[in-house]
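# Breakdown of the fold
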Amino acid sequence: MEIIFYHPTFDPAAWLPALRKALPGANVREWREGDDGPADYALVWHPPVEMLRGRELKGVFALGAGVDSILSKLKAHPEMLAQHIPLFRLEDTGMGLQMQEYAVSRVLHWFRRFDDYQALKQQARWLELEEYRREDFTIGILGAGILGAKVAASLHAWGFPLRCWSRSRKDLPGVVSFAGAEEFGAFLHGTRVLINLLPNTPETVGLINLSVINQLADNSYIMNLARGVHVVEDDLLQALNSGKVKGAMLDVFSREPLPADHPLWAHPRVAMTPHIAATTRADEAIAFIATAIDKLERGERVKGRVDRLRGY
Ligand SMILES: NC(=O)C1=CN([C@@H]2O[C@H](COP(=O)(O)OP(=O)(O)OC[C@H]3O[C@@H](n4cnc5c(N)ncnc54)[C@H](O)[C@@H]3O)[C@@H](O)[C@H]2O)C=CC1
Ligand SMILES: O=C(O)C(=O)CO
């Protein structure tokens, strides 16, 4: 079995030996420009078109959870991957725990008013603020898939009122489930903390805009852990400046890296990280892919298959 690997930043010297160990029967090689040798499977992130074009692969594995970059390239270059070749993505593989750490730490930061105490500290003011109550701190999770469900479970342990919104109804412990466009308004109404874990699809681009933000509770908070295109950044700035939104925590942006002169950098109530909310963990990703390849070789069903039409 021949496996080709391409990632613009991962170190092949670390990945290839681990892949060979997990797949002892396979020849694993780094794909380089001009390589049109045989391949059964491709492991990729931001793959060049010529890496995949014309190959009769048994499967392509994205080395991340979101496949938006691959699907948008496929839209421009449909010849890159024939329709019948299955595309898979990573499910969790250590990203769930990272998302839990990220979400819980920031929700507690807002809930315990550490943002307000930080502002008071800057004025050397010793002042005890009124405590927030859990019942006024409903958390709404956009996208209740693999990662959204994990984040919900971790916040459930902290006793917050929880709700989620997704295409179909979910049954998650302690979480009120809203489904579909017709229930979006009810989901937003009363949500104090909005956490985004939707995939990037034509339906979700620009979803977090002023009209949606205005339906949240006053003094709301927004956490974007999914993709920058979900948030209309000018609308978010407007809502922050009007006081509708009290704070935002952003991991992803409309342009990455975010240009140094972007107003989000300077906003005192915006916290930011450079798209690191959850990164691919080599060991877990390799175990997931090795299991999947093993199953595919035996003709069994495999987790993580992307529905190209649906877009995730
Ligand atoms: N910032 C970061 O470091 C990372 C960001 N991500 C992002 O997180 C996203 C979510 O990952 P997973 O949970 O693994 O995906 P998933 O596919 O398991 O979950 C997606 C959820 O969104 C819902 N959804 C999709 N389209 C919808 C629509 N139009 N209306 C309502 N609900 C809709 C689905 O029903 C599902 O519940 C990824 O697509 C990726 O973009 C993933 C990993 C790291
Ligand atoms: O896996 C993903 O989709 C990511 O965004 C990783 O950074």
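About the thresholds
Residues numbered from 1 in each chain as written. Chains lettered and ligands numbered in written order. Predicted model: local features only at pLDDT ≥ 70, side-chain atom pairs only at ≥ 80, totals over all residues. Heavy atoms only, no water. UniProt positions renumbered as here; feature names shortened; annotations may be inferred. Pairing = 2+ DSSP bridges. Helix = DSSP H or I, 4+ residues; strand = E, 2+ residues; numbered from the N terminus. Buried < 20%, exposed > 50% of the residue type's maximum accessible area, 1.4 Å probe, protein only. Polar contact = N/O pair within 3.5 Å; in protein donor to acceptor, adjacent residues only side chain to side chain. Contact = heavy atoms within 4.5 Å. Salt bridge = Lys/Arg side-chain N within 4 Å of Asp/Glu carboxyl O. Near = heavy atom within 4 Å. Areas by Shrake-Rupley, 256 points an atom, 1.4 Å probe, with all protein chains shown as cover. Nonpolar A, V, L, I, M, F, W, Y, C, P; charged D, E, K, R; others polar.

An unreviewed UniProt entry lists the chain under the name Glyoxylate/hydroxypyruvate reductase A, with Phytobacter diazotrophicus as the source organism. Under the UniProt heading Sequence similarities (unreviewed entry), the entry covering the chain gives this text: "Belongs to the D-isomer specific 2-hydroxyacid dehydrogenase family. GhrA subfamily." What UniProt states about the chain under its Subcellular location (unreviewed entry) heading is, verbatim, "Cytoplasm".

### So, the sheet that holds strand 2 (residues 27-30)
Reading across from one edge, 2-1-3-4-5 is the order of the five strands in this open sheet, with parallel pairing throughout. Here the strands that pair on one side only, and so sit at the sheet edges, are strand 2 and strand 5 (87-88). As paired elements, strand 1 (residues 2-6) and strand 3 (residues 41-44) share four bridges and run parallel to each other. The partner of F5 across the bridge, within strand 3, is L43.

### Considering the side chain of K246
Among the secondary structure elements, K246 is positioned in strand 11 (residues 245-250). Residue classification places K246 among the buried positions, given a relative accessible area of 13%. Here the side chain of K246 touches Y221 through a polar contact of 3.4 Å, side chain to side chain. Beyond its immediate stretch of four places on either side in the chain, K246 contacts D115, D116, Y132, N219, S220, Y221, L240 and R269.

### A short note on the side chain of T201
Topologically, T201 is positioned in the loop between strand 9 (193-196) and helix 8 (210-213). Among all residues touching T201, those that are not within four sequence positions of it are R310, G311 and Y312.

### Observations regarding the pattern of salt bridges
Considering all chains together, one arrives at 17 salt bridges under this definition. For K246, the salt bridge is made with D116, and the minimal N-O distance between the two is 2.8 Å. Here K246, found in strand 11, pairs with D116, found in helix 5 (residues 114-122); they are 130 residues apart in sequence, far enough to count as distant. Given the relative accessible area of 17%, D116 is considered buried. Here D218 makes a salt bridge to K244, at a shortest N to O gap of 2.8 Å. Taken as a pair, D218 in the loop between helix 8 and strand 10 (220-224) and K244 in the loop between helix 9 (233-242) and strand 11 lie far apart in primary sequence, 26 residues in all. Residue D218 is classed as exposed on the basis of its relative accessible area of 54%. Relative accessible area serves as the criterion here: at 13%, K244 is assigned to the buried category.

### Some thoughts on the site of ligand 1
In the vicinity of ligand 1 lie 28 residues, with R89, I146, L147, L225 and D251 positioned nearest. Separating an oxygen atom of ligand 1 from a side-chain N or O atom of R89 is a distance of 2.9 Å. Bound to the protein, ligand 1 loses 93% of the 880 Å² it would expose on its own. Counting residues per element, the ones that place at least two in the shell around ligand 1 are helix 4 (95-111), helix 6 (146-156) and strand 7 (162-166). Broken down by class, the residue content of the shell around ligand 1 amounts to 16 nonpolar, six polar and six charged.

### With respect to the UniProt feature "active site" (unreviewed entry) in the chain
Under the present numbering, the feature "active site" (unreviewed entry) in UniProt falls on R227 and H275. On the basis of their most widely separated C-alpha atoms, the annotated residues across 49 residues gather in one place, lying no more than 8.9 Å apart. A relative accessible area of 18% means that R227 is categorised as buried. Those residues in contact with R227 that sit more than four places away from it in its chain are W45, G66, D68, N196, N200, V252 and H275.

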